[in-house]
Amino acid sequence: MPIFKTPFNGYSVKFSPFYEDRIAVATAQNFGILGNGRIHVLALPPSPGAPFPEIAAFDTADGVYDLAWSESHDSLLVAAVADGSVKLYDSSLPAASNPLRSLQEHTREVQSVDYNPTRRDSFLSAAWDDTIKLWTVDRPASVRTFKEHAYCVYAAAWNPRHADVFASASGDCTVRVWDVREPGSTMIIPAHEFEILSLDWNKYDDCVLATASVDKSIRVWDVRSYRAPVAVLNGHGYAVRKVRFSPHRGSLMASCSYDMTVCLWDYMVEDSLVGRYDHHTEFAVGVDMSVLVEGLLASTGWDELVYVWQHGTDPRAP
Amino acid sequence: MAAGTDDKPQESGTESAKPTNEAPQNAAADDVKSSSTPSVFVNSEPIREEQVQNAVKFLSHPKVQGSPVIYRRSFLERKGLTKEEIDEAFRRVPDPAPSAQPANVSPDPQLKSSANIQPQSSAQALQPAATATAPAGVISSVVTMTQPRFRWIHAAYAVGFLAVSGAGTAVLLKNAVIPRFKSWIRKVISDEESDVLKKTNAGPSLEEETAAAAKAAAAAAADVAKASQEMLNSKVEERRYFGELVKLLDVQLQEMKSMSTSIRKLEGHANTSGALSQFNHEDHGGLLTTSKPYANGRAEVDSRPVRSSSPPTSSEPSAAPHPKSYMEIMAMVQRGERPPNVKDINDAPPNPHQQIPNPRLAPRAKPWEADQTQNNPSNVFQYQSSAEAWNYNAQDNGIIDQSNGDPSAPWWQRKNVRITEIDRDEDLKTGAFGSRTSDQTVQRAWVPPQPPPIAMPEAAEAIRRPKLAAQKEQSSEETASRSSDGIDELQKVMKFSESGGAENTSEMSSGMNSSGSGMNSSEIQVEQE
């Protein structure tokens, strides 16, 4: 399985929704504390042992914490930057013409960006200034700002079936479900006793979402009966940094954690842990499952490595 | 924050207070999908009076009223209150002047002793110090939303005020007492001298003078005594507050020590060394463990739907050990240094008005969107064939050598490795979950069930009639009483058909057009009643 070495510490990796063999990696220097950042757009090598061809690389003044591929343009990327800006890049243009846009409205680090998979024209940014902002690619300013959380918002995710619904996870230990047509949040789920670092919607059940928290657990919630979780998945040794539902199987999800592992879970099964990979030697911070290729996983971490492998294979195998 | 508290969510909250889990909402009728509608993403529970009363008690607490509104709201949200309940509680609390300052002088029994001190500047300096320490002392023990920064800053302020007040009193008294003392001594001495001189002059006047001198001396001594007494009092007070503060800090210290010992134990297993980090959420989560007075208030988890994968480990988060170089960089940054490898990069857009290029490829359907109707076992093969198509079409992929000889299976698309085959074959207790064989990958979208044939025509008739009455009320917000009035006869019908299962009636109504949605909701209401 190919391995890519990034010069900076990895923060996020995303598969392109247009090309099966394309990924983008967000990295930040000095663990993201203080330093530059870089975005890599890579293609999967023709054979597992070959190196990754790099299609593009973009340097930023501050670390890049997350990125999202556009669902409407095959080469457009949105980057969440630690200086509070959201930047648009076009990987088909040379680095000198990039970024296309730099949207500076957040007052603190932007932790997460998510592109709307149904409307395909808008995206969200979640930042440590307790707000989430809604943007469209053609507008220079945000369309809306959602300010209700009492602490940093760590993640925002669009509902895969309802174009106007999204959820946000925050350090104030709550998950909020929003509807862009409503002025405020429509639902507040006190999902964990500790900070919630990530969340994702089930692609096949639009009322189910999973949250990952500092308390080392992943909880699966049904918004129709949100008082108690549908499932509590324990097994990680430290805080769970990211959780992603599989685009191909309804109850399967991947998670990465500060215990340096990437785990696969199936919350409908008695023993939910269906896979565990401990290929990273530092915090595993980014994980993604390909929408176009079933079973293809990618992960990155602070050990400055990016792995791409098929579920069931050894990511470190040559 | 202010944007969130609006009337609109209030309305939508009460509208969907009729539990309408599946009935499409009349207001958002533009959502054509027959399956779950936006109303699913709204709190559909009615306001729980008990929770509201608890919240009112919490909000009426004087300590709480000194805290910012957003922390009060956040606390209530974490206790599981809905937005409507929180708004209701805020409405009920007789809200005095909302002050955002954390340390207001409040008539607190703890502070009455400080109020007794005479209004010297030292006492005034004490009062803000006392109020700073008292909230600091109380916050950790009483339910509040705790931010560690909150507490530490208050502790720092308290220490600062104490020091300043101590220094101030020392200086003042030094300036006041000592000159007085000196002048008193001088007076005595001069009196003695004058006495010596005037001794021969007049007896009674001498006595008078000595008496006066003695009185003055006594008065001065009394003054000095009083002043020193006051100083002592204030010092005692200060010491007491300081002692409390130190106790709190000790508690904090102990907890941090216990955390670090547990981490050291863990580090014994790990290779990395490194002390407790200060970074972001690991620590924030860690510090939250020290202040969980409200943990027991967490909603009980219904054991039935919850499935744990393995015996739950301790849910207390311990901070993960950070790499050594991470600690170095943190230390450097905290000292204010810039790490040497950071470059100045200009990442501004070179042309902010550059046109966004037109998309070259059409967006591809998502795997979950493709199966609106039926499971499609050929999905997998579709991807493979489409992959081939992309391999030929995509110009930008020229980098990839397509001539790997096997266009149907690039190395990352190996389909022989199925997720179901991994190690867990024996665990596939899939009887309940049906098709694990080939493609159960997609759950079907919810298709509304066909309405059953009408078994009881009278029931159908009765249902249809109150529908007209209910329809009028749908434009305005329906309340429980009003809708139930309109369907009294329906209640009788419901009892008949209850044997057929509540589903039947709901199905029958769902089979009707969307205006029956109000009917559906009121039916369910009736059932609940």
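Before reading further, recall that the structure is shown in the block above.
Residues numbered from 1 in each chain as written. Chains lettered and ligands numbered in written order. Predicted model: local features only at pLDDT ≥ 70, side-chain atom pairs only at ≥ 80, totals over all residues. Heavy atoms only, no water.

Concerning the overall build of chain B
We apply this condition: A run of DSSP states H or I qualifies as a helix once it reaches four residues; a run of E qualifies as a strand once it reaches two. Both are numbered from the N-terminal end. Type-normalised accessible area, obtained with a 1.4 Å probe on protein chains alone, sets the label of each residue: buried when under 20%, exposed when over 50%, and partly exposed for intermediate values. Residue contacts follow a heavy-atom distance rule, with two residues in contact if any of their heavy atoms lie within 4.5 Å.
Counting secondary structure elements, chain B contains 18 helices and 1 strand. Counting all 529 residues of chain B, 38% fall into the buried class. The contacts in chain B between residues at least 6 apart in sequence include a share of 72% that link residues at least 24 apart.

Concerning the sheet that holds strand 12 (residues 131-136) of chain A
Residue and element names in this part refer to chain A. Note the threshold: Paired strands, as defined in this entry, are two strands with at least two bridges between them according to DSSP. Axis lines are fitted through C-alpha atoms, for helices just across the contact stretch, and the angle between N-to-C directions can take any value from 0 to 180 degrees.
In spatial order, the strands read 10-11-12-13; together these 4 strands make up an open sheet with antiparallel pairing. A strand with exactly one partner marks an edge of an open sheet, and here the two such strands are strand 10 (110-115) and strand 13 (144-147). Within the sheet, the average angular offset between the axes of one strand and its neighbour, ignoring direction, is 20 degrees.

Regarding the nonpolar core
What counts is decided by this rule: What is meant by a nonpolar core is a set of buried Ala, Val, Leu, Ile, Met, Phe, Trp, Tyr and Cys residues, joined one to another through side-chain atoms within 4.5 Å.
Judged by nonpolar contacts, the single largest core of 31 residues is most densely connected at I23 and V308 of chain A. Residue assignment for this core shows that the elements contributing at least two residues are strand 2 (9-15), strand 3 (22-28), strand 23 (252-257), strand 24 (262-266), strand 25 (273-277), strand 26 (284-289), strand 27 (296-301) and strand 28 (305-310) of chain A. Tallying contributions element by element places strand 28 of chain A first for this core, with 5 residues. Once residues within four sequence positions are removed from consideration, I23 of chain A is found in contact with V13, K14, F15, H40, V41, L42, F52, W69, V306 and V308 of chain A. Core analysis: the next-biggest nonpolar cluster, separate from the first, contains 24 residues, C152 and L197 of chain A together with A320 and I329 of chain B among them.

Structural notes on the environment of P51 of chain A
Inspection of the secondary structure puts P51 of chain A in the loop between strand 4 (37-43) and strand 5 (54-60). Overall, the relative accessible area of 67% leaves P51 of chain A in the exposed class.

What about helix 5 (residues 83-92) of chain B?
The buried fraction of helix 5 of chain B is high, at 7 of 10 residues. Within helix 5 of chain B, burial applies to K83, E84, E85, I86, D87, E88 and A89 of chain B.

Digging into helix 11 (residues 324-335) of chain B
To keep things clear, this is the line we draw: Multiplying 1.5 Å by the helix residue count minus one yields the expected span of that helix.
For helix 11 of chain B, which comprises 12 residues, the first-to-last C-alpha distance of 17 Å matches the rise-based estimate of 16 Å (1.5 Å per residue) to within 8%. Those residues of helix 11 of chain B not exposed but buried are Y326, M327, I329, M330 and M332 of chain B.

Notes on unusual backbone geometry
All names here are of chain A. In this chain, N98 is followed by P99 through a cis amide linkage whose omega measures 0 degrees. The residue P99 is located in the loop between strand 8 (85-90) and strand 9 (101-104) in this model. One non-glycine residue, M260, adopts positive backbone phi at about 70 degrees. Accessibility expressed as a relative area gives 23% for M260, which makes it partly exposed. In this structure, E304 is a non-glycine residue whose phi angle is positive, near 65 degrees. Turning to its location among the elements, E304 is positioned in the loop between strand 27 and strand 28.

Some details on the sheet that holds strand 17 (residues 185-189) of chain A
Residue and element names in this part refer to chain A. Sheet architecture is open: 4 strands sit in the order 14-15-16-17, paired in antiparallel fashion. The open sheet has two edge strands, strand 14 (153-158) and strand 17, and neither has a second partner. Between one strand axis and the next, the sheet turns by 20 degrees as a mean value, whatever way the strands run. Judged from the 5 bridges that link them, strand 15 (residues 165-170) and strand 16 (residues 175-179) form a sheet pairing that is antiparallel. Looking at strand 16, one finds that A169 is bridged to V175.

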